Amino acid sequence: MVKFELPPPPEDISDYTVWEALDEFLVALQSAGASEKTVKAYRAGISDFLKFTGKEYIRELSVKDYIKWRLERLRKGFLRSWSRDRRKIQTTLHYYSLFVRSFLKWLGIADKLPIVKKPRTRSRITTLTSKEVLKLLEASRDVIDLLIVSLLIETGLRAQELLSIRASDVDLENNEIIVRNAKYGEERIVFFGPLSKTVLKHYLSSLGPDDRLVPLSYSGLYKRLKTLAKRAGIDPKKVRPHVLRHTFATEALRRGMNLPVLQALLGHKDIKTTQVYIHLLKEDLRREYLRVFGVS
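Residues numbered from 1 in each chain as written. Predicted model: local features only at pLDDT ≥ 70, side-chain atom pairs only at ≥ 80, totals over all residues. Heavy atoms only, no water.

J.: Looking at this model, I keep getting lost on the environment of Phe49. Mind explaining?
T.: Structurally, Phe49 is set in helix 2 (residues 36-53). Of the residues examined, Phe49 reaches a relative accessible area of 0% and is grouped as buried. Residues Phe49 and Lys272 lie 223 residues apart in sequence; the distance between their C-alpha atoms is 31 Å. For Phe49, the contacting residues outside a window of four places in its chain are Leu61, Asp65, Tyr66, Trp69, Val100 and Leu104. (Helix = DSSP H or I, 4+ residues; strand = E, 2+ residues; numbered from the N terminus. Buried < 20%, exposed > 50% of the residue type's maximum accessible area, 1.4 Å probe, protein only. Contact = heavy atoms within 4.5 Å.)

Set out below in structure tokens:
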């Protein structure tokens, strides 16, 4: 999780209502470089905590409130439709506990508080085969379909990053794109291959500099890929924006790209996040070994 260098709270913060203090904290968070999405997540987590405490002023808050909230949420979950899913509860509470801890530290109430551990990931990362990628391309019905598949598979962009790219961000001569709305608020450069270049050459001429390359919402992008998967004869559950990102990453490593370079292209803060793809390659090696030597 990214650590933000926040400006100190007002000297009389203890006299603020909890909701006034929350607004101050979120402004500080935004000024430190947090994205709108991150600020929204912090608001949700801290609001849940504040509603649970029922306290009106900051001076009334204590470490005990945090401990009680954490214990209650671990026992009973959240008042949501998925409240019986223990893994989702624990994952949400993991992040919420980090957000609340940051808030209480900023207020000067507590420096170190126990957080809820994030549950271990059970699901194996899904990737597409080269044949499946080809099927998606062949099933494309228009230039937007082609652009979505080609860019995601050749750049490893996140869905929100793809949707934020404007025509002026594309450098056709150097086969590169400036990602201005990258995660963690940092810009980065990604590169695209011959497939994306062919599509972009024909498509960019119809756009103005400020026009988005893919004028869709996230749900619109998601639905497009599901529909495309059905037409291609691929299980729609297997085709999501992040699956194409995973496919790019694993293929890059298979072709010999080193880990720090892949980390930079994917925009990972921590190289440990990128290392998960090495485990996928290890499984490739294991399957090939078993196939050749027939070890049971």
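J.: Is there a simple way to explain the side chain of Arg224 in this structure?
T.: In this fold, Arg224 is placed in helix 9 (residues 218-232). Residues in contact with Arg224, not counting those within four places in the same chain, are Arg141, Asp142, Ile144, Asp145, Ile148 and Leu216.

J.: What should I look at first to understand the environment of Leu221 in this one?
T.: Topologically, Leu221 is positioned in helix 9. In contact with Leu221, not counting residues within four places along its chain, are Ile148, Ala159, Leu162, Leu163, Leu216 and Pro241.

J.: Got a minute to help me understand the packing of helix 3 (residues 63-76) against helix 4 (residues 86-107) in this structure?
T.: Describing two packed helices takes the angle between their axes plus the distance from one axis to the other. Orientation of helix 3 relative to helix 4, taken along the N-to-C sense of each, is 170 degrees, at an axis distance of 10 Å. As summarised for this structure, helix 3 and helix 4 are arranged roughly antiparallel, according to the angle between their axes. Each of Tyr66, Trp69, Arg70, Arg73, Leu74 and Arg75 in helix 3 lies in contact with helix 4, whose residues at this interface are Arg86, Ile89, Leu93, Tyr96, Ser97, Val100 and Leu104. Tallied by class, residues from the contact of helix 3 with helix 4 come to 8 nonpolar, 1 polar and 4 charged. (Axes fitted to C-alpha atoms, helices over the stretch in contact; angles between N-to-C directions. Parallel < 35°, antiparallel > 145°, perpendicular 65-115°, else oblique. Nonpolar A, V, L, I, M, F, W, Y, C, P; charged D, E, K, R; others polar.)

J.: Teacher, can you tell me more about the packing of aromatic side chains here?
T.: Here the distance between the centres and the angle between the planes together describe a pair of aromatic rings. This model, assessed by the stated rule, comprises 8 aromatic pairs. Three or more aromatic residues link up through ring pairs in this structure, and these residues are Phe25, Tyr42, Tyr96, Phe99, Phe103 and Trp106. Over the aromatic face of Tyr57 sits the side chain of Arg59, whose NZ or CZ is 4.5 Å from the ring centroid. (Phe/Tyr/Trp six-rings, centres within 6.5 Å; stacked < 30°, edge-to-face > 60°. Lys NZ or Arg CZ within 6 Å of the ring centre and 35° of its normal.)

J.: Could you clarify how one ought to interpret the sheet that holds strand 2 (residues 176-179) in this entry?
T.: Within a sheet, each strand pairs with its neighbour through backbone hydrogen bonds, oriented either parallel or antiparallel. Read across the sheet, 3 strands follow the order 1-2-3 without closing on themselves; strand pairing throughout is antiparallel. The sheet terminates laterally at strand 1 (170-171) and strand 3 (188-191), the two strands that pair on one side only. Bridge count for strand 1 against strand 2 is 2 bridges, and the pairing is antiparallel. Bridged to Val170 within strand 2 is Ile177. (Pairing = 2+ DSSP bridges.)

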